[in-house]
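Inside the fold
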Amino acid sequence: MAKERYTCIICGRKFPRGQGIVIEYGNNILAFHSSKCASKFFKMLLERVPPDMLGKYVDRLVKELKEKIEVEMKIKAKKI
């Protein structure tokens, strides 16, 4: 049985299943052989999508992540 392989959509490198970053999004499979290629893709995506289309989702996610960090910092803080 042949191992399933993916091709990085940024650099074209082939990599086996279980390595790299593979995201199924709608009808697309976004395959990246490394985090560097993934961040290159997402940087390009954010530069091309108008802020009025994606901005509210980015704002919500940033707010969520900041709140999560605050909660984790409070839990980790030393109590005197």
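Up top is the structure.
First, a word on scope: everything that follows refers to the structure included in this document. (Residues numbered from 1 in each chain as written. Predicted model: local features only at pLDDT ≥ 70, side-chain atom pairs only at ≥ 80, totals over all residues. Heavy atoms only, no water.)

**With respect to the overall build of the chain**
Helix and strand counts for the chain come out as 2 helices and 4 strands. Listed by position from the N terminus, the elements making up the chain come as β-β-β-β-α-α. Each of the three principal axes of the chain carries a C-alpha extent, and together these read 60 × 35 × 20 Å. Taking contacts inside the chain between residues at least 6 apart in sequence as the whole, the part at least 24 apart equals 18%. Considering the chain, the positive charge centre built from 18 side chains and the negative charge centre built from 9 side chains are found 8 Å apart. (Helix = DSSP H or I, 4+ residues; strand = E, 2+ residues; numbered from the N terminus. Contact = heavy atoms within 4.5 Å. Lys, Arg positive; Asp, Glu negative; His and termini not counted. Charge placed at Lys NZ, Arg CZ, Asp CG, Glu CD.)

**Here's the deal with the environment of Phe42**
Looking at where Phe42 falls in the secondary structure, it is placed in helix H1 (residues 35-48). As for Phe42 and Asp52, which are separated by 10 residues in sequence, their C-alpha atoms are 17 Å apart. For Phe42, the contacting residues outside a window of four places in its chain are Ile23 and Phe32.

**Re H1**
Given a rise of 1.5 Å per residue, 14 residues ought to cover 20 Å, and the 20 Å separating the end C-alpha atoms of H1 matches this to within 8%. Buried within H1 are the following residues: Cys37, Ala38 and Phe41. Relative to the axis of H1, the buried residues are bounded by an arc of 105 degrees and lie together on one face. The exposed residues of H1 that point more than 90 degrees off its buried face are Ser35, Lys36, Lys43, Leu46 and Glu47. Elements in contact with the buried residues of H1: strand E3 (21-25) and strand E4 (28-32). (Expected span 1.5 Å × (residues − 1). Buried < 20%, exposed > 50% of the residue type's maximum accessible area, 1.4 Å probe, protein only. Arc of directions from axis to C-beta.)

**Considerations on the nonpolar core**
The nonpolar side chains of soluble globular proteins are, as a tendency, buried together. Residues Tyr6, Cys8, Phe15, Leu30, Ala31, Phe32, Cys37, Ala38 and Phe41 constitute the largest nonpolar core, which totals 9 residues. At the level of elements, E4 and H1 are the ones that each hand at least two residues to this core. (Core = buried A, V, L, I, M, F, W, Y, C linked by side-chain atoms within 4.5 Å.)

**Observations concerning the pattern of salt bridges**
Proximity of charged atoms lets side chains of opposite charge pair with each other. The tally for this structure, following the rule as stated, stands at 2 salt bridges. One salt bridge in this structure joins Arg17 and Glu4, with 3.8 Å as the shortest N-O distance. Remark: Glu4 occurs in the segment before strand E1 (5-7) and Arg17 occurs in the loop between strand E2 (14-16) and E3; sequence separation between them is 13 residues. Given a relative accessible area of 40%, Glu4 falls into the partly exposed group. (Salt bridge = Lys/Arg side-chain N within 4 Å of Asp/Glu carboxyl O.)

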